[in-house]
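# Structure assessment
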Amino acid sequence: MRQEIGVSLLLLAGTLAPLAGCERDAEPGTERQRERAAEIRPVGPYAVAGDALYRREDGTLVAVAVLPGAEAAAPDTLEECVAEIPDLGKAHFGRLDLAPDTAWAAWATTGPGACVGVLSPGEPGVRVLGRWLAAYPDTLLWAPAGHYLAIGLARAGRRDLEVYDAMAGRRLQMPWEFECGYEGDCDVTSATWLGGTLLNVEIRLGPAEPPVPFEVNVAAAAPATPEEEV
């Protein structure tokens, strides 16, 4: 049965204290409730469980987004992701990384297909940035300024990198994308934020080619047009 879960968390000696203010399916202290409390992992003003994202409101964690089939109820069910990833209900939230200013957090699902987005203290609470059926987002890199997010993707034996203006919710056009030409030609060998909004990326343009460095001020990058989205 779907239900809203509000959980007040206290960290004592590295463990979760007993739950307070939690709606119950049956009698107090059921085994499932204890298991669910153990799954919830606080991350700054947010928390993540296997199938739900939470935000702290007045000292209580309130579910703000859930995957299909989750027991918790939330205002966001990630319909943008479900439309492209029919098996999203088999996935779980594997990452929740705070931005340097701690006001925003990036999240990623794992499992069949993948979806990446951001979680914020205001509205909209949840924003989807990217959805992929044939790529695995294994790296989330916040810029030191906390406004931009670089997403490292594993794709069929090679690596890719997409950069987003996280607060605007749009992908940015990167200069190496023009050099690559075709999706299978390029492989990202490294990506490092040098400070602020300056990103250093090394790209191998072909299997036998040496890496080529690209230094980009992402704050000056133009948004990717719809036909350039991948």
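Here's what I pulled together on the structure shown here. (Residues numbered from 1 in each chain as written. Predicted model: local features only at pLDDT ≥ 70, side-chain atom pairs only at ≥ 80, totals over all residues. Heavy atoms only, no water.)

### Overview of the pairing of strand E17 (residues 198-204)
- For strand E16 (residues 187-195) and E17, the ladder comprises seven bridges, and the chain directions are antiparallel. Across the sheet, residue Gly195 finds its bridge partner in E17, namely Leu198.
- Hairpin connection of E16 to E17: two residues between the antiparallel strands, including Gly196 at a positive phi of 60 degrees.
- Sheet analysis places E17 next to strand E18 (residues 212-217), joined by six bridges and oriented antiparallel. (Pairing = 2+ DSSP bridges. Helix = DSSP H or I, 4+ residues; strand = E, 2+ residues; numbered from the N terminus.)

### Re the sheet that holds E16
- Read across the sheet, three strands follow the order E16-E17-E18 without closing on themselves; strand pairing throughout is antiparallel. Edge strands, defined here as strands with exactly one partner in the open sheet, are E16 and E18. Pairs of neighbouring strands in the sheet enclose a mean axial angle of 20 degrees, with direction left out of account. (Axes fitted to C-alpha atoms, helices over the stretch in contact; angles between N-to-C directions.)

### A look at the pattern of salt bridges
- The full count for this structure, using the stated rule, is ten salt bridges.
- The salt bridge partner of Arg55 is Glu123, with a shortest N-O separation of 3.8 Å. Within this pair, whereas Arg55 is found in strand E6 (residues 52-57), its partner Glu123 is found in the loop between strand E10 (114-119) and strand E11 (126-132), the two being separated by 68 residues in sequence.
- A relative accessible area of 9% places Arg55 in the buried class.
- With a relative accessible area of 70%, Glu123 lands in the exposed category. (Salt bridge = Lys/Arg side-chain N within 4 Å of Asp/Glu carboxyl O. Buried < 20%, exposed > 50% of the residue type's maximum accessible area, 1.4 Å probe, protein only.)

### Focus: the nonpolar core
- One finds Leu53, Leu78, Leu96, Trp107 and Leu119 to be the most contacted residues of the largest nonpolar core, which totals 20 residues.
- Put simply, the parts of the chain that give this core at least two residues each are strand E5 (46-48), strand E7 (60-66), strand E8 (92-98), strand E9 (105-110), E10 and E11.
- Listed in part, the 19 residues of the second largest apolar core include Tyr148, Ala150, Val163 and Trp176. (Core = buried A, V, L, I, M, F, W, Y, C linked by side-chain atoms within 4.5 Å.)

### As for the sheet that holds strand E13 (residues 148-155)
- The strand order across the open sheet built from four strands is E12-E13-E14-E15, with neighbouring strands paired in antiparallel fashion. Edge strands, defined here as strands with exactly one partner in the open sheet, are strand E12 (136-142) and strand E15 (170-171).
- With two bridges joining them, strand E14 (residues 158-165) and E15 adopt antiparallel strand pairing. The residue bridging Tyr164 from the neighbouring strand is Arg171, located in E15.

### Considerations on the state of the cysteines
- Evaluated as defined, the whole model comprises one disulfide.
- A sulfur-sulfur separation of 1.8 Å characterises the disulfide bridge that pairs Cys81 with Cys115. One end of the pair, Cys81, is in helix H2 (residues 79-84); the other, Cys115, is in strand E10, with 34 residues separating them in the sequence. Of the two residues examined, Cys81 and Cys115, each falls in the buried class. (Disulfide = S-S within 2.5 Å.)

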